[in-house]
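Overview (structure and organization)
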Amino acid sequence: MITTYEELASLALEEALKKGADHVLVRIQEKLYEVIIYDCGVLKSYSVGRVSGLGIRVLVSGGVGYVYTASLDRGGIVGSVEKALSIARSLSRYAQVGYVSIKPVKDFFKVNVGVDPYDVDPEVKVGLVKEVNTSSMRKDGIKSVVTRLAYEVDRKYITSSDGVSIKSEVTLVGFSHTAVAKYGMISEKVSNSKTFVGGYEFVESHDWLAFADEVDSLAIKASQAKTPTPGTYVAVLDNEAVGLLVHEAFGHASEGDLVITGSSVLRGMVGERVANELVSIVDEGVVDGGYPVPYDDEGVSKGRTVVVKDGILNEFLSSRYVGSRLGRRSTGNARVQDITYDSLVRQTNYYVEPKDLSIDELFEGVSHGIYVVGRGASGGEVDPSIGTYTFSIGPSYIIKNGEPTELVRGVVVSGNILETLMSVDAVAKDLKVVTNVFGGCGKDSQTVKVGFGGPHIRVRKLVVGGL
Amino acid sequence: MLYDIVERSLKLCSRYGFNEFEVYVVNDVGTEVLGIDKGVEKVVSGEEFLLGVRVVMGRKVCVYGGMVSRVEDVDVLVNSASKIVRTLPEDRGWVSLPKKLGTSVVEGIVDVGIKDLELDRYVELVNYMIKKPRDVDRRAFTTNVNMYLGYVRRVITNNYGDVVEDERTRTSISVSVKVVDNGDESGYTENYSAPNLSRFNPDELVVKAVEGAVRGLRSKRVYTGSYDVVLMPRVFTSLINSLIAPALCADQVQKGRSPLKGMLGLKVFSENITVVDDGTYPGMLGSKCFDDEGIPTKRKVLIDKGVLMSYLYDTYTANIDSKESTGNAFRPTPHTVPKPWISNIVVERGNYELDTLISELRNGLVIYDVIGMWLSNPVSGLLNATVANAVYVDRGDVKHSVKGVVITGDVYELLKTDEVVLTSSKEVLGRYEVPAVYIPKISVAGEG
C-alpha cells in the first residue's frame, strides 16, 4: 500500500514518463485552515477546512496538461496521469511551451513551531476570542465587533522529472479585530490584525485586550472624523500603505506572465527609469515578518530578486515557462493556491528598500498634506495594463505645517503607479514587512499568502477621494 | 463516491449523539482552458469531493469539513467536529437547522455541452477568440482568453430526514484585449458568466472588448468637482454588489452593520428603482433549485419603487427575526457557516433610452468600468471607486476618454432623489440583470 507523499508522487512521475511525457511536475499538498469568529458577543463560527490531493503537470511535444485529483489512491493517480497526457497531446497542435532549465534542489523546509495550534484545546482558543470580543462590545460608541483567531498549516511535496524534491511545512497564526463605531448617522469600521509565522506561542505572548482597545478607540474617533477634501495632496505613506501600494500597483505589473501577454504597463521597460532614483524594490523569498517561500511551486529556489534598482527597472518576476518566453532565468515565483490550480507568477515578499531618513524628516516642510496610514486598509485594486490603481486606506491624518494633525476617515487614494513612484522624493529607514493569515493576494481566482511592506516614503502628488 | 460520503456521514453523525446535524456534499468537476497571445497555453482539469458537516449539541454549533480523498476521510472530519462542538459556548440565537428541505423547478441550469465536456470544441473556441481582435481592429491584440467549464452536483440532508440534490453547469469566459495606437495603450476585458452557453456569442464578446479598449485611448483626468454621471450596467452592478447587496443581508442588519436597519416600509431609493432577488430566474449564474442549506429558492421583491420591502435571510437569521428563510443561505464552500447573500439580482428597467440620457448630460461622465468599487464601505454607504474607462460629455457631446479619477458619495443620498432614472435596455452580467442608471452630482476627485 502506498502511504507516503514521496511514494504517491513517484508513482505519478514514473507513470507519466513511462507513457511519453517530456517533462513532469507533481505536487502533493495537505492544507488545514481553522478560524474561530466571534461576532457581537456570539460565537459566529468555529470552522475548519482541509484541502488534500495531488496535481500533475505534463509537457508533451510543447502541449501542457494539468490535472488534479483528491483521490490519493493508485486508480485516482494513474487516471489523472492519463488525462493530463491526453490533454497535453491534443494541445501540442496549438502552442509550443518550453521551460528554462534549473539546478534541481532536494530539501526539507519547516517553520519552527513551539506550540502546535492544532493541539491547543478548542475551549482555550474560543475563550480568548470571546473575552476580547465581549470586552469590546461593552464600550460606549461601539456598535458591532468581529474578532477572529486563525491558523493555517500548509504541507507540500514537490517533485519533477528533472530531479526536484522539496518538502515544506509552513504554519501561520493570527488574530484580527474589527470594530464598528457609530456617531450620529455615521458608522465607521476599523480593522487590524497581526500574523506570525510559527505556532500558538505567538498568541500566548500578546496582550490582545490592549490590541483590541486600540482598534476600538480608533473606530470611535474615526466615526467622529470628517472625510478629506477631494484633491491632490503631498502624502507621507506609512510602512503598510507603502507595502500595499507597491505590491498591488507595481508588483502585479512586474509579474512576467502579464508582461509576455502585453498586459503590463512595464512591458519593454527593462533598463528604463520607472521610479525616482530613491526607489529600489525587491522580491525576496524569506524575510523577517513576511511569508516564507524558500522554494516556489515548481521547486525553484526563491532567492532575492531586485526588480527596481535606484529607479531603473531591472528584472521581471518569472516562472520556468515565463522565463523561457522572456529569455531569462526563472526567479522562483511560480506559486499556486492549492493543488486544484496550476501555478501563476506571483510575488513572495515584495518591498521597497529603506534609505537613511528618519520618519520625522519626511514630514518636515509639508505645509498641507496627508499622512496615509495602512492599518485597517481594506485593500486595493489595479489595472496593471495601464498602471491605474486605487486603495481604500484606514483612518489617516491631515498634515499641517509638518505635523500629522486632524484624523480623517473614508480615505481612498488613486493614481498611476509610474507617476506616483516618479514623484517619490523621500524614503525613510524604518523597513517593516508583514503577512496575513486571514487573507492573501488574489489573481485569476487564486489566493496566495504574501508579505509586503517597506519604509515610510513621501510622494509629491497623490489623488485622494472623499466627500 | 458522492452517495458513499453522504451515507457514511449520516451514519457517523447518528452514532455520535448530536442533537442536530447537517451533511452537505459537493462533487465539483472543472476544466479551464487558458489562452494567451501565442495560443492556447494549457488546460487545467480535475474533480473534487467536498464535505461539510454542521453538528449541534444543545445550542453549541460547529462546522467542519474539507476535501475528501477517500471515503474514510469522513471519519476524521466528523470525529473532529464531535470533539470540538462539545467544548464550545452556547449560541443563544440558535433555534434549529431547517426542518423542511425542498427544491424549486429552475430551467436552464444544466448545459449538456458543458456537462459532457467537448474539450476540443472549447479549445478551438478559445483559439478563435485569441485571433479575432485583429480582425475587428488592426491596433488590437489579445492578452488573455480564459474559459472555465464546470459541473457541480450537490446533496444536502440533515437529521430531520429530507434529502435534496441537484446538478448545475457553469461557464465563465473572459477575453482581455489591448489596443496600441501612436504610443498610447489601452486595455479592456469582457466577461460571460452563466450556467449555459445559450447567450454566448464569441464575436460579440470580442467586439465589445475591442470597443472598450479603443474607447480608453488618449484618456485624461477631469478636474475635481461635481458631475452628473451615467453608470453603465457593469458599473451599476458593481455598486449594488459592493454597497447595497451586503446591506440587504439580515445578518448585517441584525449586527447593526447596515444603513437599511429599521428602514422596512420606508423609501430608501428613488421611486424609479425596483430590485428583485430571484434564485429561480432561468439560466442565470445564481440560479439553483435550493440554497446552501436546502431551502427552495424563490423570487422576492426587495425594493419596490424605492421602498424597502424585505431583507435576505438564511435559517439562522430568519429565526432571530421570527421569519421564514428566503432561500438565500450561501456558503462559498460546504465547510463554511451559511450566511445570507443574493441569488440573482434583477433591477427593473426604466423608460429612458441610453442615447437620450447621454445627450442630455451637460457636464457629465459616462462610466463603463471602474476598479476598486469593492473597497466601498457597505456599513456607512460610502461609495469609492476609481474610473478605469469612461468618457467626458459636455452639453451632450462626447469630448474625451477619462480614467484615473475617483468617484465618491453616500450611495443612499445619491440614489434617493427621484432625478435618478434607469434605461429601458438591460444587460445580464453573471448574477445581475441591470440597466444603466443616471445619477446627478457625484463628487469626482481628479486634477487640481
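Chains are numbered independently. Their residues run from 1 in the order of the written sequence. Chains and ligands are labelled by the order in which they are written, letters from A for the one and numbers from 1 for the other. Where totals are concerned, whole chains, interfaces and linings use all residues; where local detail is concerned, this predicted model gives features only for residues with pLDDT of at least 70, and gives and counts side-chain atom pairs only at 80 or more. For the side-chain quantities, the full set of heavy atoms in the structure was used; hydrogens and water were omitted.

Quick look at the pairing of strand β5 (residues 163–181) of chain B
Residues and elements named next belong to chain B. A pair of strands counts as paired when DSSP detects no fewer than two bridges linking them. Each helix is a run of H or I in the DSSP string that is no shorter than four residues. Each strand is a run of E no shorter than two, and both are numbered from the N terminus. The pairing of strand β4 (residues 140–158) with β5 spans 17 bridges and is classified as antiparallel. Among the inter-strand pairings, N146 is bridged to a residue of β5, identified as S174. In this structure, the hairpin formed by β4 and β5 is closed by a connection of four residues, where G161 is found at a positive phi of approximately 110°. Bridging between β5 and strand β6 (residues 184–194) involves eleven bridges; their strand directions are antiparallel. Across the sheet, K178 pairs through a bridge with G187, a residue of β6. Here β5 hands over to β6 after two residues, with N182 in that stretch at a positive phi of 50°.

Observations regarding the interface of chain B and chain A
Taken together, the 71 residues of chain B in the interface contact 83 residues of chain A. A simple way to read buried area is as the amount of 1.4 Å-probe accessible surface that goes missing from two parts once joined, with both sides added. For the chain B and chain A pair, buried surface summed over both sides reaches about 6400 Å², with 55% attributable to carbon and sulfur atoms. The largest per-residue losses of area from chain B upon contact with chain A belong to B:M67, B:I371 and B:L375, which jointly make up 10% of the total buried on that side. Salt bridges are counted wherever a side-chain nitrogen of Lys or Arg sits within 4 Å of a carboxyl oxygen of Asp or Glu. Linking chain B to chain A there are six salt bridges. Put simply, B:R257 and A:D39 hold a salt bridge, and the shortest N to O gap is 2.7 Å. Side-chain atoms alone can form a polar contact between residues adjacent in sequence; in general such a contact is a pair of N or O atoms within 3.5 Å, and within protein one must be able to donate a hydrogen while the other accepts it. At the junction of chain B and chain A, the tally comes to 26 residue pairs in polar contact (both at pLDDT 80 or more). It is strand β2 (residues 39–57) of chain B that provides the largest number of residues to the side of chain B that touches chain A, a total of ten residues. In this count, Pro and Cys sit with the nonpolar residues alongside Ala, Val, Leu, Ile, Met, Phe, Trp and Tyr, while Asp, Glu, Lys and Arg are called charged and the others, Gly among them, polar. Residues belonging to the side of chain B that touches chain A are distributed by class as follows: 25 nonpolar, 28 polar and 18 charged. Bridge analysis of strand β3 (residues 63–69) of chain A against β2(B) gives five bridges, and the strand direction is parallel. Its bridge partner being in β2(B), A:T69 is matched across the sheet by B:E47. We call two residues contacting when some pair of their heavy atoms lies within 4.5 Å.

Re the side chain of A:D297
All names here are of chain A. Along the polypeptide, D297 turns up in the loop between β9 (281–284) and β10 (304–309). By relative accessible area, D297 is classed as buried at 3%. In this structure the side chain of D297 is engaged in a polar contact, spanning 2.8 Å, whose partner is the backbone nitrogen of V336. When near neighbours in sequence (up to four residues on either side) are disregarded, D297 contacts L25, R27, K156, I158, A334, R335 and V336. Per-residue accessibility, obtained with a 1.4 Å probe over protein chains only, is compared with the maximum for each type, and a residue is labelled buried under 20%, exposed over 50%, and partly exposed between these values.

Looking at the packing of aromatic side chains
Residue and element names in this part refer to chain B. Two rings from Phe, Tyr or Trp (for Trp, the six-membered ring) form a pair when their centres are within 6.5 Å of each other. A pair whose planes differ by under 30 degrees is stacked, one over 60 is edge-to-face, and the rest are tilted. Summed over all chains, the structure comprises 13 aromatic pairs over all chains. Between Y227 and Y392 the ring centres are 6.3 Å apart and the planes differ by 85°, which places this aromatic pair in the edge-to-face class. Of the two residues, Y227 is situated in strand β7 (residues 225–231) and Y392 in strand β15 (residues 382–394); the sequence distance between them amounts to 165 residues. Across this residue pair, the class does not change: Y227 and Y392 are buried.

Considerations on the confidence of the model for chain B
With 100% of its residues at a pLDDT of 70 or more, chain B shows a mean pLDDT of 94. Across the interfaces of the predicted complex, the ipTM metric reaches 0.83, alongside a pTM of 0.88. Per-residue confidence from the predictor is given as pLDDT, running between 0 and 100.

Here we look at the side chain of A:S144
Note that A:S144 resides in strand β5 (residues 142–160). Residue classification places A:S144 among the buried residues on the basis of a relative accessible area of 1%. Of note is the side chain of A:S144, whose polar atom sits 2.9 Å from the side chain of B:R257. If we ignore the near neighbours within four places in the chain, the residues touching A:S144 are A:C40, A:M137, A:T178, A:A179, A:V180, B:K255 and B:R257.

A few points about the pattern of salt bridges
What the rule picks out here adds up to 54 salt bridges over all chains. Two residues, A:E34 and A:K125, come together in a salt bridge whose shortest N-O distance is 2.8 Å. In this pair, A:E34 is assigned in strand β1 (residues 23–39) and A:K125 in helix α3 (residues 122–137), connecting sequence segments 91 residues apart. Here A:E34 matches A:K125 in class, with each residue buried. Across the pair B:K208 and B:E427 runs a salt bridge whose closest N-O atoms are separated by 3.9 Å. Pair noted here: B:K208 is in helix α5 (residues 202–215) and B:E427 is in strand β18 (residues 421–429), with a separation of 219 residues, a long-range link. The exposure class assigned to B:E427 is partly exposed, which follows from its relative accessible area of 27%.

Quick word on the pairing of strand β16 (residues 379–383) of chain A
Residue and element names in this part refer to chain A. Of all five residues in β16, four are buried, a share of seventy percent or more. Bridge analysis of β16 against strand β17 (residues 388–392) gives five bridges, and the strand direction is antiparallel. Bridging from a neighbouring strand, E381 pairs with T390 of β17. From the end of β16 to the start of β17, which pair antiparallel, there are four residues, and G387 there has a positive phi angle of about 85°.

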